[in-house]
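One-letter residues, chain by chain:
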Amino acid sequence: MRRGLIEFSDQIALALEICRRVPGVTDAYKSRFRVVLLDEYQDTSVVQTRLLAQLFGGGGVMAVGDPHQSIYGWRGASASNLARFGRDFGGADGAPTFALSTSWRNPGRVLDAANTLVAPLSAASPIPVERLERRPGSGDGELAVVFGETVLEEAAAVADWFGERLRRRGGAPPTAAMLCRSLKKVAVFTRALADRGIPFRVLGVGGLLEDPAVVDLVATLRVLHDPTAGPYLLRLLTGARWRIGVRDVKALRELASWLSARDAGQQQLAEEVRDLLRASTVADEGASIIDALDFLTTAPEGHGALRDFSEEGVRRLRALGRELAALRSRVGLDLLDLVALVQQEMLLDVEVAANESAPIGRAGLDGFTELVADFVAGDASGGLGSFLSWLELAEERENLSPRTEEAEPGTVQVLTIHGAKGLEWDAVAVPRMVDGELPAPPRSKQGWLAFGELPYEFRGDSADLPHLPWRSADTGKQFDEGYTSYCGAVTDAFAAEQRRLAYVAVTRAKDALLLSGSFWWNQRKPRGPGLFLRELEAAGLIEAGTLPEAPISEENPLDDLVAHVPWPSAPLGTREERVLAAAAAVGDANPASPTPWSEHIDLLVEERARRLREAELVELPVRISASAFKDYITDAARVASGLRRPMPQRPFRQTRLGTLFHSWVEQRYGMGGLDELVDALPADRDLDLDDLVESEELEVLQRTFEQSEWADLRPDAVELEIHLPFEDRIVVCKIDAVFERDGRFEIVDWKTGKAPKDADDLAQKQYQLALYRLAFAAWRGVAPESIDAAFYFVQEDRVIRPERLYSESELRERWSKAT
Ligand SMILES: Nc1ncnc2c1ncn2[C@@H]1O[C@H](COP(=O)(O)OP(=O)(O)OP(=O)(O)O)[C@@H](O)[C@H]1O
């Protein structure tokens, strides 16, 4: 906080502080929410509980939770807070408790598995949890288990299982999900789905960051930002585009070491300085292959430090170095622009467009762009560095937060078990239920004694955490015993959390559940069926013999596979033959020779040409306004171009003043109108300071009007809108006012602008009055000759009465000439 930063947990703590100090805040919330339901209560941390209790304690609160689904222990949530609920919220110790022990979701066999897994937790639970019962009329559902030799077999079996369920005919396709502990290495499973054409979607940032094009993009961004991001540069160097061989990679690494012992002028540093440098940097920081690439890019031809590189290697490395240098000079760009630029310069957009086997095509790059936009929306000043740090955090956080996406029938959603909290699917697969993964061993058995951990005594949930009796131990032996049992308790607590994780995963299935595992992936020792599978086997839920005792192979058979990956990778992979053949065909083709499509092409080209020609001619709108009539008559070409490419018009004050004045006149004559609008000036309306000036101008106009010849007359009509059929159009006439004077009608148009400059100008304006006359005559059923018309230019207090108005036939003649 001293550095001006707060975290989410600080916000809760601060909110609690406010509620404690300012009773009014608590009272306000209490009176607003008289009945409160807290869901997923087992995930509430101590400080959240305190805040909620402060706000709503003392009555009207109900908590719903399942201690067996508490999987946020690592962030201070504890299943035992359910047991303390009554006390925490100031009620009697024994708040009434209701058991929800019917599972309305899971079918019989899934439920049996869930109950088996959770039995040891129920036995040790601080509050009684009843065994889940089947819902009335529930079917058995399906519990399937496969255990393969290698992860490739496992992934294939999982994909086949989904394939079969999604293909089943009849009714809507089912919903499906694959729930993993982590999405880090999920590619082997998604590839198996992709190979079989089974639609899938990896939810969250984690999945996106696994997309190969996105991996390249992020690698480039890291290289641009951080000279120690060597491993990311290595990905680019050895990838399909640059294909730098082992010898040149090694030479680059040596060049980096050589440079790290030299100053900017490549003079060797003194021994003493080198020692100090070595002592002050961690292993990866001293020599940077990114710096080495920069050096190589600009080093003069034949520089001694380049002698170990191959000629082709230097050429490619320099090309990459120049590309990176150019991009680096643009890192100050707006983040979205920078990301788009990197995509283009690295040819990633071309790669995904051309590669028909790219798993999700452009969607990965597009998703990433959205992610950047989200980040920029939250932190407009954030640059590349903060974006990259945020990305790491977002990946970690997202994988652990419950997802909010809807299930998509017919698509396998791939997400973490944490993300699956509260959700459900027809078919659920939980892969990697092997020893060391689910359940996994704790990263450390030492709890808070491990590096970087906060001592438990400082934590709000310390009462629920393993206790190390270091204060009370009098002898070394006593401490040792205490320490051993403390480590045991840490291990047990972790194991219980793993069990709850498995329970959450298993209980997501509405119909079918597949649990899977395999011995070999990328580890030296085989991983057998995990504890949870063994327990299900012992309970008779997995048929004996389904789980193999030992792998067939004693060594990792996948090692062979790994050893034979071609390197550097071929740029086009399996596409090579087809792409080269296509390229050759294009090269050999004679563009002039006829093809089966020639006729179509000619027709399409002609169609396009015609469309372009026709675009010059503009269809006039059916409804035109009387005030624009003169524009059609006098300059039809300009109107047409305005219609073809409409430009927004600058709002100008005179127009708004005109609107206000017209409303005022209308209201003044007591004929409705926007009175509130005028009265409310200017404070209540959404007007800026200019409007103060406007209101003064308005007052001037109003005073002038009050002196005019119409001030004391009663109008026959005000603000009259008449739609006049005219030729094949409709002319919209908005007549300001009509008076009856001496047996004749008079149409008046109030103008707040300037009076016409000359006779020509006036002649043009007259079209409007002539049309008004025609319209009013038709509307009232009187002869046009019995109607006069006038302009009143209020600002100048000038009345203009045209001597003669165009007749109907004159108007028609001019219109047809112009259009
Ligand atoms: N009384 C009921 N009758 C029929 N179906 C029900 C009933 N109650 C709940 N369901 C259905 O059972 C499923 C699970 O319900 P819900 O999501 O409320 O459970 P939950 O206890 O919140 O589960 P979890 O905490 O494990 O996610 C849902 O599909 C829901 O529609």
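The structure this text deals with has already been given above.
Presented here is a report on the structure given in the accompanying data block. Everything quoted here is computed from the prediction, not taken from an experiment. (Residues numbered from 1 in each chain as written. Predicted model: local features only at pLDDT ≥ 70, side-chain atom pairs only at ≥ 80, totals over all residues. Heavy atoms only, no water.)

## Focus on the site of the ligand
Point 1. Near the ligand you find Q69, W104, R105, G422, E424 and R508, and these make up its full shell.
Point 2. In this structure, Q69 approaches the ligand through a side-chain N or O atom, which is 3.0 Å from an oxygen atom.
Point 3. Contacts to the ligand include R508, whose side-chain N or O atom sits 2.9 Å from an oxygen atom.
Point 4. If the ligand stood free it would expose 630 Å²; the protein chains cover 45% of that surface. (Near = heavy atom within 4 Å. Polar contact = N/O pair within 3.5 Å; in protein donor to acceptor, adjacent residues only side chain to side chain. Areas by Shrake-Rupley, 256 points an atom, 1.4 Å probe, with all protein chains shown as cover.)

## A closer look at helix α17 (residues 363-378)
Owing to its 3.6 residues per turn, the α-helix aligns residues three or four sequence positions apart on the same side.
Point 1. Between its first and last C-alpha, α17 extends 23 Å over 16 residues, near the 22 Å set by a 1.5 Å rise per residue.
Point 2. All of the buried residues in α17 are G364, L365, G367, F368, L371, V372, F375 and V376. (Helix = DSSP H or I, 4+ residues; strand = E, 2+ residues; numbered from the N terminus. Expected span 1.5 Å × (residues − 1). Buried < 20%, exposed > 50% of the residue type's maximum accessible area, 1.4 Å probe, protein only.)

## Overview of the nonpolar core
Side chains of a nonpolar character, in soluble globular proteins, are inclined to be buried together.
Point 1. In terms of nonpolar packing, the biggest core is built from 57 residues, with L221, L233, L255, F309, F368 and F387 touching the most fellow members.
Point 2. By residue number, the principal contributor to this core is helix α9 (residues 212-225), which donates eight residues.
Point 3. Judged by nonpolar contacts, the second largest core, of 44 residues, contains I71, A114, L121 and A177. (Core = buried A, V, L, I, M, F, W, Y, C linked by side-chain atoms within 4.5 Å.)

## Regarding empty space enclosed by the protein
Point 1. Overall, the coordinates contain one cavity of 30 Å³ or more when judged by the stated rule.
Point 2. Of the pockets and cavities examined, the largest cavity occupies roughly 30 Å³.
Point 3. Lining the largest cavity, in full, are L183, L203, G204, E398, N399, R403, L415 and T416.
Point 4. Residue assignment for the lining of the largest cavity shows that the elements contributing at least two residues are α18 (384-400) and β8 (412-416).
Point 5. In terms of residue class, the lining of the largest cavity is made up of three nonpolar, three polar and two charged. (1 Å grid on protein atoms, 1.4 Å probe; cavity = no way out; pocket = protein on both sides within 12 Å on 5 of 7 lines; lining within 4 Å. Points joined across faces, edges and corners; volume = space filled by probe spheres on them. Nonpolar A, V, L, I, M, F, W, Y, C, P; charged D, E, K, R; others polar.)

## What about the packing of aromatic side chains?
Point 1. By the definition in use, this model includes 34 aromatic pairs.
Point 2. For the pair Y29 and F33, a centre-to-centre distance of 6.3 Å together with 25° between the ring planes defines the contact as stacked.
Point 3. Using a relative accessible area of 34% as the deciding quantity, one classes Y29 as partly exposed.
Point 4. Consider the rings of Y669 and F705, whose centres lie 6.2 Å apart with planes at 80°: the pair is edge-to-face. (Phe/Tyr/Trp six-rings, centres within 6.5 Å; stacked < 30°, edge-to-face > 60°.)

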